[in-house]
Amino acid sequence: MAQLWGGRFTKNTDAEVFAFNESLSFDQRLYKQDIEGSIAHVHMLGTQGIISSEEAALIKKGLTGILEDIENGTLSFGPEYEDIHSFVEANLIARIGDAGKKLHTGRSRNDQVALDMKLYVREETDEIRGLIKKLAEELLIIIKGNTDTYMPGFTHLQKAQPVTLAHYVSAYMEMFLRDYDRLADLRKRMNVSPLGAGALAGTTYPLDREMVARELGFDYATFNSMDSVSDRDYCIELLSACSIIMMHLSRFSEEMILWNSNEYRFVEMDDAFSTGSSIMPQKKNPDIAELVRGKTGRVYGDLMGLLTTMKGLPLAYNKDMQEDKEGVFDAIDTVKDCIHLFTGMISTVTFRKDVMEKSAMMGFTNATDAADYLVKKGMPFRDAHGVIGTLVLRCIEKNCAIEDLSLDELKEICPVFDNDIYDAVSLKTCVNKRLTKGAPSEASMKDAIAHYESLLSSMQ
Ligand code: ARG
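Residues numbered from 1 in each chain as written. Predicted model: local features only at pLDDT ≥ 70, side-chain atom pairs only at ≥ 80, totals over all residues. Heavy atoms only, no water.

Quick look at the overall build of the chain
Within the chain, the regular secondary structure consists of 19 helices and 6 strands. Referenced to the eigenvectors of the C-alpha coordinate spread, the extents of the chain come out at roughly 100 × 50 × 40 Å. Within the chain, the proportion of its 460 residues that are buried is 51%. Excluding contacts between residues fewer than 6 apart, the proportion of contacts in the chain whose partners are at least 24 apart in sequence is 76%. (Helix = DSSP H or I, 4+ residues; strand = E, 2+ residues; numbered from the N terminus. Buried < 20%, exposed > 50% of the residue type's maximum accessible area, 1.4 Å probe, protein only. Contact = heavy atoms within 4.5 Å.)

Structure (structure tokens):
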């Protein structure tokens, strides 16, 4: 056990206490941010004359060496250290001697861990944004290629009105664009530097907190030292954004699972993105979509875990807050994997356009348009609704679509029908007459596509 705080203790820590208390086993993934933060801190200490510039240079060199050695595998995280901060500091002192002991001047592990976590979460927020952008690019390809792929749109999981595959997928595009925006938004709020808050009440050293903030890419340094060390809102905001992303992925996965079922047969999953059954040779299972749907619960759990950890904490730092890490790491890993794999799956899936179109035709999705046809011929909508209801009943008896009935059969139900009914209820007409903004017609989709193209090109 190599601890930073042995001075006032007369006994060694109990081994089980050490094991319960340690965080190196999971916070080791913050090594880069810890070293980056320390380099900025030490640079400022040197500039402010709090330590000599020679000492600052020596410490910086030592820290850079530690970073290199961790990355090339020559330095591993020994189990004797309590956390990543102790690990780096102990290694620094071992390398450069007494100068290393000055690194922690004007700093506490409380503001240090707040900084490390913020740097990490900020970086990962950008990574997740990049993955969402890639997913959105794949969706745009599907959208552009399917503005005339007709399929049923559903309400209550019952066929409702015809849409196109482009329109359907563009609904998910909207969700992921909001996710991207949400991440950009929370990133703005998190981008303030807590370093220099000390344990909770700042420090008597003349630190230049703004200099450190600038060097680390923050907009400015925080305005309250107690809040700085006890704020985990940015983690909760990211977890909440991740939960919403997972909810969107899970809904889309659910569609894919349904569409891949023997009953729908709207899609055929690529072999590389499906799995088989050990007993049933005919099976081709949509495991990726099911796992993404399943892992959504786990990310929600990470969010609820941290919200609950934080809810009773008095100011300022409490050790409870060490519990922020595993959930945040888990949610980030999970959401990244899920977006990435979902992107692979959706970009390789085959959409069975013929099946989709047939399904739209057989599901009376054009019934509203048939009623509108009668309205245009002068019939009140409520009467037209009744006529088409009778018509649908006749079709159900005959197991056919509205457009399969002959004009005589149609006239028998209502003499207003004429030859132009067939064109009026074709899927193409039903879709392309829906010209309102956001509707499925090719013309409306053209505007939506132009909007997506411009948004995607402005995403960094
Ligand atoms: N491992 C700790 C954490 O993750 C670092 C901060 C420790 N601070 C303290 N006062 N014990 O929160």
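Read on, since the account is not over.
What to know about the site of the ligand
In the vicinity of the ligand, the contacting residues are S23, D27, D83, H85, R109, N110, V113, Y317, Q322 and K325. In the model, a nitrogen atom of the ligand is placed 3.0 Å from a nitrogen or oxygen of the S23 side chain. One nitrogen or oxygen atom from the side chain of Y317 is found 2.5 Å from an oxygen atom belonging to the ligand. Summarising the interface, the protein chains cover 86% of the accessible area of the ligand, which totals 340 Å² for the free molecule. Residue contributions to the shell around the ligand peak at 3 residues, all from helix α6 (residues 109–145). (Near = heavy atom within 4 Å. Polar contact = N/O pair within 3.5 Å; in protein donor to acceptor, adjacent residues only side chain to side chain. Areas by Shrake-Rupley, 256 points an atom, 1.4 Å probe, with all protein chains shown as cover.)

Here's the deal with the pairing of strand β2 (residues 158–164)
Here 6 bridges tie strand β1 (residues 150–155) to β2, and the two strands are oriented antiparallel to one another. Bridging across to β2, G153 finds its partner in Q161. Where β1 hands over to β2, the hairpin turn is made up of 2 residues, of which H156 adopts a positive phi near 55°. (Pairing = 2+ DSSP bridges.)

Considering the pattern of salt bridges
All told, the structure shown has 29 salt bridges when counted by the stated rule. A salt bridge links K325 to D324; the nearest nitrogen and oxygen atoms lie 2.9 Å apart. You can call K325 buried: its relative accessible area is 3%. (Salt bridge = Lys/Arg side-chain N within 4 Å of Asp/Glu carboxyl O.)

Let's talk about a negative patch on the surface
A grouping of D148, D354, E357 and E442 is seen on the molecular surface, where their side chains present a negatively charged patch. Locating E442 in the fold gives a position in helix α19 (residues 442–458). Assessed through its relative accessible area of 31%, E442 is described here as partly exposed. (Patch = residues over 30% accessible without salt bridge, like charges linked within 9 Å, V, L, I, M, F, W, Y side chains within 5 Å. Lys, Arg positive; Asp, Glu negative; His and termini not counted. Charge placed at Lys NZ, Arg CZ, Asp CG, Glu CD.)

With respect to the packing of helix α14 (residues 367–376) against helix α15 (residues 381–398)
Contact geometry of α14 with α15 gives a least axis separation of 8 Å together with a crossing angle of 130°. The angle between the axes of α14 and α15 places the two elements in the oblique class. Of the two elements, α14 crosses α15, and the hand of that crossing is right-handed. Judged by residue contacts, A367, A370, A371, D372, L374 and V375 of α14 engage F381, A384, H385, V387, I388 and V392 from α15. Classifying every residue of the contact of α14 with α15 gives 10 nonpolar, 1 polar and 1 charged. (Axes fitted to C-alpha atoms, helices over the stretch in contact; angles between N-to-C directions. Parallel < 35°, antiparallel > 145°, perpendicular 65-115°, else oblique. Left-handed = near helix turned anticlockwise from the far one by under 90°. Nonpolar A, V, L, I, M, F, W, Y, C, P; charged D, E, K, R; others polar.)

Describing a nonpolar patch on the surface
A contiguous nonpolar patch, built from L200, M226 and L315 and spanning about 270 Å² of accessible area, is present on the exposed surface. Tracing the sequence through the fold places L200 in the loop between β3 (192–193) and α8 (209–215). Exposure remark for L200: the relative accessible area of 37% places this residue in the partly exposed category.

A look at helix α5 (residues 84–96)
With 13 residues, α5 ought to run about 18 Å at 1.5 Å a step, and its terminal C-alpha atoms sit 18 Å apart, in line with that. For α5, the full list of buried residues reads I84, H85, S86, F87, V88, E89, N91 and L92. Close packing links the buried residues of α5 with α2 (24–27), α3 (31–47), α4 (53–71) and α6. Looking one or two residues beyond α5, the residue adopting positive phi is G97, at roughly 80°. (Expected span 1.5 Å × (residues − 1).)

Re unusual backbone geometry
Backbone torsion omega between L315 and A316 reads 0°, so that peptide bond is classified as cis. Following the sequence through the fold, A316 ends up in the loop between α11 (287–310) and α12 (324–348). With phi around 55°, F364 is a residue other than glycine that occupies positive phi space. As for its position among the elements, F364 is in the loop between α13 (353–362) and α14.

Things to note about the state of the cysteines
Applying the stated criterion across every chain yields a total of 0 disulfides. C242 takes part in no disulfide bond, and the closest cysteine sulfur to it belongs to C338, at a distance of 10 Å. Given the relative accessible area of 0%, C242 is considered buried. (Disulfide = S-S within 2.5 Å.)

Just distances and angles here, no functional claims.
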